[in-house]
Amino acid sequence: MADRLYELTAHELSDLIKSKQASAVEVAQSFVDRIDAVDERVKSYVTTTPELAIEQAKAVDDAIAHGEELGPLAGVPGAIKDNMNTRGVLTTCSSKILYNYKPIYNAAVVDRLATERVVTVGKTNLDEFAMGSSTENSGFFVTHNPWNLDKVPGGSSGGSAAAVAADECAFALGSDTGGSIRQPASFCGVVGMKPTYGRVSRYGLIAFASSLDQIGPLTKDVTDCALVMNAISGKDPCDATSLDVPVPDFTKSLVDNVKGLKIGVPKEFFAQGTDPDVEKAVREAIELLTSLGAEYKDTSMRSAGYGLPVYYIIAPAECSSNLARFDGVRYGLRSKDSSDVISMFNKTREEGFGAEVKQRIMIGTYALSAGYYDAYYLKAQKVRTLLRGEFEKAFEEFDVLITPTSPTVAFGIGELADDPFAMKLADVCTIPVNLAGIPAISLPCGYKNGLPIGLQIMAKGLDEETLLRVAYTFEQHTDYHKNKPKL
Amino acid sequence: MRLSKEDIESVAYLSRLELAEEEKEKLTGHINRLLDNFQMLQEIDTQDVEPTSHVIPVFNVFREDVARPSLPADEVISNGPQVDEHCFVVPKVVET
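Since we're looking at a predicted model, the values are computed, not measured.

Participant: How do you make sense of the overall build of chain B when you look at a structure like this?
Facilitator: Tallying secondary structure elements over chain B gives three helices and two strands in all. Radius of gyration (C-alpha) of chain B: 23 Å, far over the 12 Å computed for a compact globule of 96 residues. With respect to the principal axes defined by its C-alpha atoms, chain B has extents near 55 × 45 × 25 Å. Looking at chain B as a whole, 29% of its 96 residues qualify as buried. The long-range share in chain B, meaning contacts at least 24 apart out of those at least 6 apart in sequence, stands at 28%. Accessible area for chain B stands at about 7000 Å²; split by element, carbon and sulfur atoms hold 51% of it.

Participant: What am I meant to see in the pattern of salt bridges here?
Facilitator: Close approach of charged atoms allows side chains with opposite charge to pair. Residue and element names in this part refer to chain A. Tallying each qualifying case throughout the model produces 28 salt bridges over all chains. For Arg202, the salt bridge is made with Asp239, and the minimal N-O distance between the two is 3.9 Å. Of the two residues, Arg202 is situated in the loop between strand E5 (191-194) and strand E6 (214-219) and Asp239 in the loop between helix H7 (222-232) and strand E7 (262-266); the sequence distance between them amounts to 37 residues. In this structure, Lys460 engages Asp463 in a salt bridge whose closest nitrogen and oxygen atoms are separated by 3.7 Å.

Participant: What's the story with a nonpolar patch on the surface in this structure? I'm lost.
Facilitator: Together, Val90, Val93 and Val94 of chain B line one region of the surface with nonpolar side chains, adding up to about 260 Å² of accessible area. Within the fold, Val90 of chain B resides in the segment after strand E2 (87-88).

Participant: I tried to follow helix H2 (residues 24-42) of chain A on my own but got confused; where do I start?
Facilitator: Side chains of residues three or four places apart in an α-helix project in the same direction, reflecting 3.6 residues per turn. Taking 1.5 Å of rise per residue, 19 residues should cover 27 Å, and H2 of chain A covers 25 Å from first to last C-alpha, within 8% of that figure. Turning to H2 of chain A, its buried residues are Ala24, Val27, Ala28, Ser30, Phe31, Val32, Arg34, Ile35, Val38, Asp39 and Val42 of chain A.

Participant: I tried to follow the packing of helix H1 (residues 5-14) of chain B against helix H2 (residues 21-38) of chain B on my own but got confused; where do I start?
Facilitator: Working note: a packed helix pair is described by the angle between its axes plus the distance between those axes. Residues and elements named next belong to chain B. Direction vectors running N to C along H1 and H2 enclose 105°, while the axes themselves pass 9 Å from each other. The angle between H1 and H2 falls in the class roughly perpendicular. Together, Lys5, Ile8 and Glu9 of H1 and Glu21, Lys24, Glu25, Leu27, Thr28 and Ile31 of H2 make up the contact between the two elements. Its residues assigned to classes, the contact of H1 with H2 comprises three nonpolar, one polar and five charged.

Participant: Where do I start with unusual backbone geometry in this structure?
Facilitator: For residues other than glycine, phi is negative in most cases, and the peptide bonds are mostly trans. With an omega of 10°, the peptide bond running from Gly155 of chain A to Ser156 of chain A counts as cis. For Ser156 of chain A, the position within the fold is in the loop between strand E3 (119-124) and helix H5 (158-165).

Participant: Is there a simple way to explain the interface of chain B and chain A in this structure?
Facilitator: By a widely used convention, the size of an interface equals the accessible area lost when the partners come together. Tallying the contact residues gives 54 residues for chain B and 62 residues for chain A. At the boundary of chain B and chain A, one finds three salt bridges. Where chain B packs against chain A, one counts 21 residue pairs in polar contact (both at pLDDT 80 or more). Among the secondary structure elements, those contributing two or more residues to the side of chain B that touches chain A are H1, H2 and helix H3 (73-76) of chain B.

Participant: What's the story with empty space enclosed by the protein in this structure? I'm lost.
Facilitator: Any empty space left between atoms is shown by rolling a water-sized probe over those atoms. Residue and element names in this part refer to chain A. Following the criterion strictly, the structure yields one cavity of 30 Å³ or more and no others. Volume-wise, the largest cavity comes out at about 70 Å³. Gly132, Gly178, Ser180, Tyr311 and Asp427 are, among the 13 residues lining the largest cavity, the residues nearest its centre.

The rules behind each value
- Every residue gets a number counted from 1 within its own chain, in the order that chain's sequence is written.
- Ligands are numbered from 1 and chains lettered from A, in the order in which they are written.
- Since the coordinates come from a predicted model, pLDDT governs what is reported: local features require at least 70, and pairs of side-chain atoms require 80 or more to be given and counted, while whole-chain, interface and lining totals use all residues.
- Think of the side-chain values as coming from all heavy atoms in the structure, minus any hydrogens and water.
- Only DSSP runs of H or I covering at least 4 residues are called helices, and only runs of E covering at least 2 are called strands; the numbering of each starts at the N terminus.
- In this description the radius of gyration comes from C-alpha coordinates, and the expected globular size is given by 2.2 Å times residues to the power 0.38.
- For every residue, the accessible area (1.4 Å probe, protein chains only) is compared with the maximum for its type, and the residue is labelled buried under 20%, exposed over 50%, or partly exposed between those bounds.
- Here, two residues are considered to be in contact whenever any of their heavy atoms come within 4.5 Å of each other.
- With residues, only the protein chains shown are counted as cover, and all accessible areas are computed by Shrake-Rupley using a 1.4 Å probe.
- When a carboxyl oxygen of Asp or Glu is within 4 Å of a side-chain nitrogen of Lys or Arg, the pair counts as a salt bridge.
- Like-charged residues within 9 Å of one another, or nonpolar side chains (Val, Leu, Ile, Met, Phe, Trp, Tyr) within 5 Å, are grouped into patches, provided each residue has over 30% relative accessible area and no salt bridge.
- Here, expected helix span is obtained from the residue count minus one, scaled by 1.5 Å.
- All axes here are fitted lines through C-alpha atoms, helices being fitted over the stretch that makes contact, and every angle between N-to-C directions spans 0 to 180 degrees.
- Each angle receives one of four descriptions, namely roughly parallel if under 35 degrees, roughly antiparallel if over 145, roughly perpendicular if within 65 to 115, and oblique otherwise.
- Classification convention: Asp, Glu, Lys, Arg as charged; Ala, Val, Leu, Ile, Met, Phe, Trp, Tyr, Cys, Pro as nonpolar; all other residues, Gly among them, as polar.
- Think of a polar contact as two N or O atoms within 3.5 Å of one another; within protein, one of them needs to be a possible hydrogen donor and the other a possible acceptor, and neighboring residues in sequence only count if both atoms come from side chains.
- Note on definitions: the grid is 1 Å and covers protein atoms alone; a cavity is a set of points where a 1.4 Å probe fits but cannot get out; a pocket is an open set with protein on both sides within 12 Å along at least five of seven lines; lining residues have an atom within 4 Å of a point.
- Grid points are joined across faces, edges and corners, and a volume is the space filled by probe spheres set on the points.

Below is the structure:
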């Protein structure tokens, strides 16, 4: 079989495996070799599982030999962000506090991928506990952008995005709390979707901010995005917030047609700090869709401009509560030099958490503390209501809203390390989506200095189908998804 | 509202974090900068606006009260830094 199997998309690999032009083991071996060849430079993975991958691939080949009916992802190598539980396989959240944690159960999405007979090649690096926009906050090492190794891959799912872009997996799962799938997808030139809140079970996703977190796919094209969405979506009795609604066959949305589509372009998402070349690429993408029969109109969403402060109150508040469980008692690190139980908690957390995580726990604890709750947390929740209302109103008029995914292309490693505010601006266009709970997708729409630019498309709650249709149409008329970084 | 180093120490204690001196300094400046930024929310009139704690209309999700197998105790404690006879061992909590 052809070499470079690792360059193919999930659906192309699936076709080869099903038609027996390539065995699942050959495919898995191709990705294992690819990881060996490039991961020393890209550093996408915290843990790789080559033996497991080959074993799973053998089982797929056996099933095919026995004539079993298999789904479209059978034998396709995927990667999983290291904040999703994988039974018996290290799950660290890229934090020293979980350096040795081996879960005793699988996250719901991991089980679903196993049911689809996906081959898992490894666990990808992230900003510690998914807190960050560059993967520089990983407690272990920095991941490099495959398009330019001196640049960040974005974050927090930077390992997943880099692994897909560098052909170290056919697709990956990420999690998105304020842009953590879409922004790294944008920086690495791949497709990333944050589904509607509740579309995908969060059971076994190590929680950061529970009202915002959502798992979704990072893929090489829109077709693969639909296939992975089919595999992971749906009600799960173990996650009370997963929605009990029918899951459509998302591949039916892969239709090249945007005639009559109404596009809104909210000006607040092109605010100060937006790179003119990014804006130009996004405007050109909108023009392309218009030339294919869509209509667009500029619009305004005033409270979207308040997304950052709302997010930086709500997310830390929820994280300060969620991360209370890391105390050195049941798993992970325990400080060795403690005498009583309180100093054990305090020293364990001091040694185990990195600076960004500590800072967010502190902000959240403060925002929730007696006397300040109303001024910060309650106020932020109320502005969140206004923001949701503005999205609802916008979607009465428009089918989709289109914006940049991030105001800039990937920045340099270390470039913004001392300017946390500039770093947070990288998420200014993605955060409102999480606050409103709606779905959004990022796909490549251009380049600046050889670095990919991301186009963000948003739709109303549970309307991933329209996102996929618009993204698919755009992809059919462009070649960005076919370009690959030179490694 | 600006936080002093003492405020930071008290929030750190509530957060169960034992911060080094230089961390305290750094966090004080940083958190104050963020709090200044949060002030922009006061520009927005939120009188009579209900807070959003969750975006989806799902409440009280129940299931049938049917017993299911639990995780085996051996596995549950397998990640514990210090365990003994199916228990997590911690420093003494209650004075005798």
